[in-house]
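A closer look at the structure
Given next are the chains, with one letter for each unit.
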Amino acid sequence: MTLTPVDPLPSREVRVRAPGKVNLSLRVGPRDHTGYHPLVTVFQAVSVYEEVVAVPADGMVITASGLQAEAVPTDGSNLAAKAARLLAERVGVTDGVHLHLVKGVPVAGGMAGGSADAAAALVACDALWGTGLSRDELLDLAAQLGSDVPFVLTGHTAVGSGRGHLLTPAMSRGEFHWAFAVRDRGLSTPEVFAAFDELNRGVPHAADAAADVPLMQALRAGDPSALGAALHNDLEPAALELAPDLAEPLAVAQDAGALGVVVSGSGPTVAALARSRQHALVIAAAFTAAGVADRVLTAMGPVPGARVVGSE
Ligand code: C5P
């Protein structure tokens, strides 16, 4: 008797986790002819996560639960839906998929929550459909979905250039601990970049990577105090212009002894670097006590990028 080899059963469910990010430094040049700003940024992936559960379905279905889930669009405009469609087109798959998003990263908070959904959806659908695409091919699709998507796919620590999508891994030693002040009302990234243009009209400015040498040294040395002193965000004045009350969590974190405090990406989440996990909890408690955040989070970084955490 001969045994006929059978293909392994396709997965019926794939769960993927993707992290949020903090921009340790964000340096922005003038808007170019594509409408984007050339930038140099140092990303750190942090332990606040989006989870995407992918199961086969008729057509495209998006549902969401968890942090601020009511603010997430569940139609075709959702970035995870766009990711699944892009991948399906790329590999010629016609199957439908139900993507359930378990939100842990603030919505429109400057921490790449939507980008993490997209990166997780790419990895989940890739596994569900067995596409066999290489990591570089997935990174290429990620860059088409948004400037931050390649980084949350990759995770850890990296320097981003171009729109933020061209990545070079960066050395980083040890763990860094954060407290985040989150606002329920997010800021729109295009609006923050437009406010940046207004503030910098007529002012020569360039995205200068050389300015981040002390920051890169702090990462290599695993020195939180030096990292705190080197945190920098060119978009912070624009975010403060649109949301002046962000000055409050910035001040509260300083009073609570934060090693450094910065608006994360295009905001409005405020990221405070702590001396330890315990100190991060103290800063988070100070945000709550002062009433300067709708909610608080603590996290550590760097952490890995989007990856499968379960399948059946
Ligand atoms: O790439 P992503 O879709 O995340 O960008 C959202 C918006 O942010 C863009 O439409 C653009 O207005 C702005 N942006 C920019 N320069 C960048 C990245 C984003 O002006 N480097």
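Everything that follows concerns the structure shown earlier in this document.
As the structure is a computational prediction, the values presented were derived from the model and not from experiment. (Residues numbered from 1 in each chain as written. Predicted model: local features only at pLDDT ≥ 70, side-chain atom pairs only at ≥ 80, totals over all residues. Heavy atoms only, no water.)

Brief notes about the pairing of strand β7 (residues 176–182)
The test is simple: For every residue, the accessible area (1.4 Å probe, protein chains only) is compared with the maximum for its type, and the residue is labelled buried under 20%, exposed over 50%, or partly exposed between those bounds. Only DSSP runs of H or I with at least four residues qualify as helices, and only runs of E with at least two residues qualify as strands; both kinds are numbered from the N terminus onward. A pair of strands is considered paired only if DSSP assigns at least 2 bridges between the two.
Summarising burial for β7: seven of the seven residues are buried, a large majority. Alternating positions in β7 separate into two faces, F176, W178, F180 and V182 on one and H177, A179 and A181 on the other, with burial throughout. In this structure, β7 lies alongside strand β11 (residues 295–301), joined through seven bridges in antiparallel fashion. Bridging from a neighbouring strand, F180 pairs with L297 of β11. Two strands pair when backbone bridges link them, and β7 and strand β10 (residues 270–274) are joined in this way by five bridges, in the antiparallel orientation. Across the sheet, the residue bridging to H177 is A274, located in β10.

Regarding the packing of aromatic side chains
Rule in force here: Planes of paired rings set the category: under 30 degrees apart is stacked, over 60 is edge-to-face and the rest tilted, where pairs are Phe, Tyr or Trp rings (Trp by its six-membered ring) whose centres lie within 6.5 Å. Whether a charge sits over a ring comes down to the Lys NZ or Arg CZ being within 6 Å of the ring centre and within 35 degrees of the ring normal.
Tallied over the entire structure, the rule returns two aromatic pairs. Judged by centre distance (6.2 Å) and plane angle (10°), the rings of W178 and F180 are stacked. Relative accessible area serves as the criterion here: at 0%, W178 is assigned to the buried category. Its relative accessible area of 0% is what places F180 among the buried residues. Directly above the ring of Y49 sits R17, whose terminal nitrogen or CZ lies 3.9 Å from the centroid. Here the guanidinium or amino end of R163 rests over the ring plane of Y36, the centre of that ring lying 5.2 Å away.

As for the site of the ligand
Formally: Put simply, a residue is near a molecule or strand once any heavy atom of it comes within 4 Å of that molecule or strand. For this analysis, a polar contact is any N or O atom pair within 3.5 Å, provided that within protein one partner can donate a hydrogen and the other can accept it, and provided that sequence-adjacent residues contribute only side-chain to side-chain pairs. Only the protein chains shown count as cover for residues, with accessible areas throughout obtained via the Shrake-Rupley method and a probe of 1.4 Å. Gly falls in the polar group here, along with every residue not listed as nonpolar (Ala, Val, Leu, Ile, Met, Phe, Trp, Tyr, Cys, Pro) or charged (Asp, Glu, Lys, Arg). All the domain ranges listed were derived from an automatic or database domain assignment.
Around the ligand sit G35, Y36, H37, L39, G146, S147, R163, T189, P190 and F193, and that is every residue in its neighbourhood. In this structure, H37 approaches the ligand through a side-chain N or O atom, which is 2.6 Å from an oxygen atom. Calculation on the ligand without its partners gives an accessible area of 450 Å², and the protein chains cover 77% of this total. Here the shell around the ligand takes three residues from helix α5 (residues 189–199), the largest share from any one element. Classifying every residue of the shell around the ligand by side-chain character gives four nonpolar, five polar and one charged. Split by domain, the residues of the shell around the ligand number at least three in each of domain 1 (14–170) and domain 2 (176–301).

Looking at the pattern of salt bridges
The condition that has to hold: Salt bridge criterion: a side-chain nitrogen from Lys or Arg within 4 Å of a carboxyl oxygen from Asp or Glu.
Here the structure, examined in full by the defined rule, presents eleven salt bridges. Here the salt bridges share partners, and the residues they tie into one network are E13, R15 and E51.

Details of the sheet that holds β11
Formally: Here the axes come from fitting lines to C-alpha atoms, over the contacting stretch only for helices, and the angles between their N-to-C directions go from 0 to 180 degrees. Residues are treated as being in contact if the distance between any of their heavy atoms lies within 4.5 Å.
Strand order in the open sheet made by the four strands is β9-β10-β7-β11, with antiparallel pairing throughout. Here the strands that pair on one side only, and so sit at the sheet edges, are β9 (260–263) and β11. Across this sheet, the average inter-strand angle for adjacent strands is 25°, counted without regard to direction. The strands that helix α9 (residues 247–255) touches are β7, β9 and β10; relative to β9, the one it contacts most, it runs at about 165°. Lying on the sheet, helix α10 (residues 277–290) is in contact with β7, β10 and β11; it crosses β7 at an angle near 10°.

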